[in-house]
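Reading the structure
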Amino acid sequence: MSGEFGGNDGFYSSSDSYEDEPPLLEELGINFDHITQKTLAVLNPFKAAEHDMMQDTDLAGPLVFCLAFGGSLMLCGKLQFGYIYGIGVVGCMAMYFLLNMMSLTGVSVGCVVSVLGYCLLPMVILSSSAVLLSLKGMIGIVLTVLAVVWCSFSSSKLFVSALSMENQQPLVAYPCGLVYGVFALLTVF
Amino acid sequence: MADRGQSWPTQQDESAIIDLGDVNDRDDGSDYETDMSRGPTDGSGKGSLEEDVRKRLTDNVTQMVWNAGTQQAKRAWSLYGNIDILRPYFNVEPHEVRTRLLQSFLPRMPSSEKQRAYRELYGPLMVVFTLIALLLFQMKAAEHKVEEGTLMGTAFGVCFTYWWGTAALMWFLSYVCNAHITSIQLLSLLGYGLAGHCVVILLGTLIHTSHDHLFFYLLWAVFGGLSTLKMVGVILSRTHGKSQRLILSCTIAAIHLLFLLYLHFAYHQIVEDLSRVLDSDPVVKQPEVVNNVRTVSKDS
């Protein structure tokens, strides 16, 4: 500890050490500006992503989105938090292995989890819309396909910008599409 | 270090007063000279010295063997466990994957010239994952409730067991029959061959013919047959000898085609029957189910 409360040591006084401490959110690594930037990058997949955007691998945003996904499925009468966790872990492990094989620089698990988690946002929107309309009709199928394409396009864009693999974006997008397709199966059926 | 246990109670027995100077020396287990000097205090003289030397030798040898074993294990892990050895097989371009997928449906007549067998794992791995996803989609489309975790594990297990198991079997047979094909080439060939299975399962799920298997058999013959012929052509071009060619081609054709039949009748058929039973109108549908079973048994 940098200081002791109520201590009378000469080095540190309690009020100075308390003010010198960084904010709690900063200590936890939760940066709302970064979270907002990454969320906007996902919502606008046609905007070019910055190379070092995903270097700051925070998991707060993905955690919120996963909980929101599970919560919106719960509103549809499906308690599938366990399946979201299981599919998420398997998907992240598979993408981690694949991207490490395909990229020259390699990728960390945190980066993979962060990207896949942030790009789950369109699936959250789809599952929220499932509360109001059925996804088994033609409109639902179109929305589902659109959401899967949106998720895979956004995630592949973030991955290739972080790993400098521009000419292989379709090869990265396809496995992402498979992962989000399984999430879509959870949402639709 | 081993002597501390022996000397400490001896010291205690001799005097109730603890000399702090000795305590510090006593706790330093890395000082072998200190350990050495405590030997004679036991009173057994040379005997305890020999025992001490023997124990220290044993410890040192054990430590050396452990270190040598650890280093060898680390070297073996860095050589064989390093997944970087698979990196070259994932170095592909999108147009190459697309071309190879299409070529997996275009068999070529075997000739004296060796047909190209690619050494690539990205495309086959994606095909296997697609097959797993399609099996899951097939289950979900039937609207019957099963435990999804078990279902996903079963789909993973079935697909990867087929891919790796068949590749291992074909590799063994290729070794016996002296075919010029490597294990990576077999994995790639079999993986791309599963593209036909993916097409059949996708079409079979989207176009649902509940009573008639004719459509499935048609797809099985066309897409399954084309991908099988492609694989057979590649293997025949790399094998010499009539009996060897016969063994390899029959084995791969039988396993490949039977696997598609298994996927249909083990998953889709059961799913169909279950969804039919769980649907309303059980009285009307029961005779058709019975007839269907009879037809299936006749066909098999």
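Just so it is clear, the model here is predicted, and its values are computed rather than measured.

What counts, and at which threshold
- Residues numbered from 1 in each chain as written.
- Chains lettered and ligands numbered in written order.
- Predicted model: local features only at pLDDT ≥ 70, side-chain atom pairs only at ≥ 80, totals over all residues.
- Heavy atoms only, no water.
- Helix = DSSP H or I, 4+ residues; strand = E, 2+ residues; numbered from the N terminus.
- Buried < 20%, exposed > 50% of the residue type's maximum accessible area, 1.4 Å probe, protein only.
- Areas by Shrake-Rupley, 256 points an atom, 1.4 Å probe, with all protein chains shown as cover.
- Contact = heavy atoms within 4.5 Å.
- Polar contact = N/O pair within 3.5 Å; in protein donor to acceptor, adjacent residues only side chain to side chain.
- Buried area = accessible area lost by both parts, 1.4 Å probe.
- Salt bridge = Lys/Arg side-chain N within 4 Å of Asp/Glu carboxyl O.
- Nonpolar A, V, L, I, M, F, W, Y, C, P; charged D, E, K, R; others polar.
- UniProt positions renumbered as here; feature names shortened; annotations may be inferred.
- Patch = residues over 30% accessible without salt bridge, like charges linked within 9 Å, V, L, I, M, F, W, Y side chains within 5 Å.
- 1 Å grid on protein atoms, 1.4 Å probe; cavity = no way out; pocket = protein on both sides within 12 Å on 5 of 7 lines; lining within 4 Å.
- Points joined across faces, edges and corners; volume = space filled by probe spheres on them.
- Core = buried A, V, L, I, M, F, W, Y, C linked by side-chain atoms within 4.5 Å.

1. Overview of the overall build of chain B
- Looking only at helices and strands, chain B features eleven helices and zero strands.
- Its helices and strands taken in sequence order, chain B reads α-α-α-α-α-α-α-α-α-α-α from the N to the C terminus.
- The buried share among the 300 residues of chain B stands at 38%.
- A total of about 17600 Å² of accessible surface is found on chain B, and carbon and sulfur atoms cover 63% of it.

2. Comments concerning the overall build of chain A
- Secondary structure assignment for chain A yields nine helices and zero strands.
- Counting over 189 residues, chain A shows a buried share of 47%.
- For chain A, contacts bridging at least 24 residues in sequence account for 72% of all contacts bridging at least 6.
- Looking at chain A as shown, the accessible area adds up to about 9900 Å², and 67% of this sits on carbon and sulfur atoms.

3. Digging into the side chain of serine 127 of chain A
Residues and elements named next belong to chain A.
- Assignment of secondary structure puts serine 127 in helix α7 (residues 121-129).
- The exposure class assigned to serine 127 is buried, which follows from its relative accessible area of 0%.
- Here the side chain of serine 127 touches valine 124 through a polar contact of 2.9 Å, landing on its backbone oxygen.
- Sequence-distant contacts of serine 127, defined by excluding residues within four places in its chain, comprise Phe69, Ser72, Leu73, Cys76 and Thr187.

4. Description of the interface of chain A and chain B
- Opposite the 25 residues of chain A that make contact, chain B presents 24 residues.
- In total, about 2100 Å² of surface goes out of reach between chain A and chain B, with carbon and sulfur atoms giving 71% of it.
- On the chain A side of the interface with chain B, the three residues burying the most area are Met101, Leu171 and Phe189 of chain A, jointly 30% of the side's total.
- For the pair chain A and chain B, the number of links is zero salt bridges.
- For the pair chain A and chain B, the number of links is five residue pairs in polar contact (both at pLDDT 80 or more).
- Within the side of chain A that touches chain B, the residues separate by chemical class into 19 nonpolar, five polar and one charged.

5. Describing the UniProt feature "transmembrane region" (unreviewed entry) in chain A
- Within the UniProt annotation, "transmembrane region" (unreviewed entry) is assigned to residues 59-76, 83-99, 105-126, 138-159 and 171-188 of chain A.
- With 73% helix and 0% strand, residues 105-126 of chain A has end C-alpha atoms that lie 34 Å from one another.

6. Remarks on a nonpolar patch on the surface
- The grouping of Leu63, Leu67, Met74, Leu79 and Phe81 of chain A at the surface amounts to a nonpolar patch, some 520 Å² of accessible area in total.
- Within the element layout of this structure, methionine 74 of chain A appears in helix α4 (residues 60-75).

7. Regarding the layout of surface pockets
- In this structure, the second largest pocket spans a volume of roughly 610 Å³.
- Considering the residues around the second largest pocket, the lining is formed by 27 residues, among which Ala94 of chain A together with Leu125, Phe129, Phe156 and Phe160 of chain B are closest to the centre.
- Among the secondary structure elements, those contributing two or more residues to the lining of the second largest pocket are α5 (81-102) and α9 (169-188) of chain A together with α6 (122-141) and α7 (148-177) of chain B.
- For the lining of the second largest pocket, the leading source of residues is α5 of chain A, giving eight residues.
- Split by residue class, the lining of the second largest pocket holds 26 nonpolar, one polar and no charged.

8. What to know about unusual backbone geometry
- Residues other than glycine seldom take positive phi values, yet serine 164 of chain A does so here, at roughly 55°.
- Tracing the backbone shows serine 164 of chain A in the loop between α8 (138-163) and α9.
- When its relative accessible area of 48% is taken as the criterion, serine 164 of chain A is described as partly exposed.
- Positive phi, close to 60°, is recorded for asparagine 178 of chain B, a residue that is not glycine.
- With respect to the helices and strands, asparagine 178 of chain B occurs in the loop between α7 and α8 (183-206).
- You can call asparagine 178 of chain B exposed: its relative accessible area is 54%.

9. Some points on the nonpolar core
- Among the nonpolar cores identified, the biggest contains 107 residues, and Met123, Phe159, Val172, Tyr180 and Phe183 of chain A together with Tyr122 of chain B are the most heavily contacted of them.
- When residues of this core are assigned to their parent elements, the largest contribution, 13 residues, is made by α6 of chain B.
- Leave out the neighbours within four places in its chain, and valine 172 of chain A touches Met95, Leu99, Met102, Ser156, Phe159, Val160 and Met165 of chain A together with Tyr122 of chain B.

10. Things to note about the UniProt feature "transmembrane region" (unreviewed entry) in chain B
All names here are of chain B.
- Under the UniProt annotation, "transmembrane region" (unreviewed entry) lies at residues 121-139, 151-174, 186-208, 214-234 and 246-267.
- Overall, residues 214-234 shows 100% helix and 0% strand. The separation of its end C-alpha atoms is 30 Å.
- Along residues 246-267 one finds 100% helix and 0% strand; the C-alpha atoms at either end are 31 Å apart.

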